[in-house]
Amino acid sequence: MSTLRLERDGQVAWLWLNRPERLNAFVPQMWDELREVGAQLCADGEVRAVVVIGEGRAFSSGLDLSVFEGGNPLGDEVADDAPPRHADPLVDRLLRVQDAFNWLEDAPFPTIAAVRGYALGAGLQLALACDVRVFAEGTKAGLLEFKYGILPDLGGTQRLPRAVGAANAKELIFTAGQIDADEALRIGLTQRLVPDAELETTAGELAATIAAQPPLAVEGAKRAVNVAGTVPTREGLRIEAEGQAVCLRSDDMKEALAAFVEQRPPSYQRR
């Protein structure tokens, strides 16, 4: 990969956006590499948490405007045998580009965005695709797409309202404005606000805490929480019960109970 860097720290993966000279602005190759690394991580049964972070002084400043110079800001068509998802080829391509971020929400493990500097446009939409966001003091966030005559198309219109409420999301999108880290914390855009020097440590400790939890239970809980408020309560309860059934039949539950009785850390095998 030339736009990303992947590191492993035990069961925690660190995914670095690696275009610091451009404030980690997005180009089509970055979307393709994100989609590929997402498939790789989701297939790795040893990964228990992923931290997404930007190299240098910004998480991501958004779309690299140089992509408009070539007349094809979405890049080439994805070379695979998957059938079209939409009759409009442009819509089909947009849906495929969205997959670069969607895996962070769909992954069987929790994902954490560690954000400093700027999270603008596509950068903020990437952070929104993660389960939890940790902001460094001084961070600026916003969806600036209206400035370029477009709308947020990588999940911003769907995930931002879930994080901050519909009215706050509409104000941010409609004004194409930026907010500071304190306001982001106030409205629920970030769950934690820490000094810049503590960003990596805080995100790493949070990821390690999550990685130590029973993975089957984490996966089931994430799936159930993701649909909360988007499906009827009875449907959500069914998904919750299905996740619990997996846990009740698992060796991991037996290990959790044994570790509790024996007063030792559990060793989960995800089975």
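This text goes with the structure placed above it.
What you see is a predicted model; the values in this text were computed from it and never measured. (Residues numbered from 1 in each chain as written. Predicted model: local features only at pLDDT ≥ 70, side-chain atom pairs only at ≥ 80, totals over all residues. Heavy atoms only, no water.)

With respect to helix α1 (residues 28–42)
- With 15 residues, α1 should cover 21 Å at 1.5 Å per step; its first-to-last C-alpha distance of 21 Å lies within 8% of that length.
- Those residues of α1 that sit buried are Pro28, Met30, Trp31, Glu33, Leu34, Arg35, Val37, Gly38 and Leu41.
- The elements touched by buried residues of α1 are β1 (4–9), β2 (12–17), β3 (49–54) and α2 (89–106). (Helix = DSSP H or I, 4+ residues; strand = E, 2+ residues; numbered from the N terminus. Expected span 1.5 Å × (residues − 1). Buried < 20%, exposed > 50% of the residue type's maximum accessible area, 1.4 Å probe, protein only. Contact = heavy atoms within 4.5 Å.)

A word on the nonpolar core
- Counting 47 residues, the largest nonpolar core has Phe26, Phe101, Leu160 and Leu189 as its most contacted members.
- Not counting chain neighbours up to four residues away, the residues in contact with Phe101 comprise Phe26, Trp31, Leu34, Ala122, Gln125, Leu126, Ala129 and Leu154.
- Counting 17 residues, the second largest nonpolar core, distinct from the first, contains Trp16, Ile112, Val134 and Ala136. (Core = buried A, V, L, I, M, F, W, Y, C linked by side-chain atoms within 4.5 Å.)

Points about a negative patch on the surface
- Taken together, the side chains of Glu137, Asp180, Asp182 and Glu198 present a region of like negative charge at the surface.
- Within the fold, Asp180 resides in strand β8 (residues 178–180).
- Classification of Asp180 by relative accessible area gives partly exposed; the value is 34%. (Patch = residues over 30% accessible without salt bridge, like charges linked within 9 Å, V, L, I, M, F, W, Y side chains within 5 Å. Areas by Shrake-Rupley, 256 points an atom, 1.4 Å probe, with all protein chains shown as cover. Salt bridge = Lys/Arg side-chain N within 4 Å of Asp/Glu carboxyl O. Lys, Arg positive; Asp, Glu negative; His and termini not counted. Charge placed at Lys NZ, Arg CZ, Asp CG, Glu CD.)

Some points on the sheet that holds strand β6 (residues 132–136)
- With mixed pairing, 6 strands are arranged side by side in an open sheet as β1-β2-β3-β4-β6-β9. Both edges of this open sheet fall to β1 and β9 (192–194), since each of them pairs with a single strand only. Averaged over neighbouring strand pairs, the angle between their axes works out to 20 degrees when direction is ignored.
- In terms of strand pairing, β2 meets β3 through 6 bridges, oriented parallel. (Pairing = 2+ DSSP bridges. Axes fitted to C-alpha atoms, helices over the stretch in contact; angles between N-to-C directions.)

Observations concerning the side chain of Lys222
- With respect to the helices, strands and loops of the structure, Lys222 is situated in helix α8 (residues 215–227).
- Among the polar contacts listed, one links the side chain of Lys222 to the backbone oxygen of Glu105, at a separation of 3.4 Å.
- Sequence-distant contacts of Lys222, defined by excluding residues within four places in its chain, comprise Leu104, Glu105, Ala107, Phe109, Pro110, Thr111 and Asp131. (Polar contact = N/O pair within 3.5 Å; in protein donor to acceptor, adjacent residues only side chain to side chain.)

What to know about the sheet that holds β8
- On the basis of which strands lie adjacent, the open sheet formed by 3 strands has the order β5-β7-β8 and mixed pairing. The open sheet has two free edges, formed respectively by β5 (118–120) and β8, since each of these has just one partner strand. Strand after strand, the sheet turns through a mean of 20 degrees between neighbouring axes, direction not considered.
- This element, helix α3 (residues 122–129), spans β5 and β7 (140–142) of the sheet and lies at about 95 degrees to β5.

What to know about the packing of α2 against α3
- α3 packs onto α2 with a crossing angle of 25 degrees between their chain directions and a minimal axis gap of 8 Å. Our classification of the angle between α2 and α3 gives roughly parallel. Between α2, through Phe101, Leu104 and Glu105, and α3, the contact on the second element is made entirely by Ala122, Gln125, Leu126 and Ala129.
- Within the contact of α2 with α3, the residues separate by chemical class into 5 nonpolar, 1 polar and 1 charged. (Parallel < 35°, antiparallel > 145°, perpendicular 65-115°, else oblique. Nonpolar A, V, L, I, M, F, W, Y, C, P; charged D, E, K, R; others polar.)

Overview of the packing of aromatic side chains
- Tallying each qualifying case throughout the model produces 4 aromatic pairs.
- For the ring pair Trp14 and Trp16, a centre distance of 6.2 Å and an interplane angle of 25 degrees mean the geometry is stacked. Of the two residues, Trp14 and Trp16, both sit in the buried class.
- Counting every residue linked through ring pairs, the aromatic cluster contains Phe26, Trp31 and Phe101.
- Just above the ring of Trp16 sits the side chain of Arg5; from NZ or CZ to the centre is 4.8 Å. (Phe/Tyr/Trp six-rings, centres within 6.5 Å; stacked < 30°, edge-to-face > 60°. Lys NZ or Arg CZ within 6 Å of the ring centre and 35° of its normal.)

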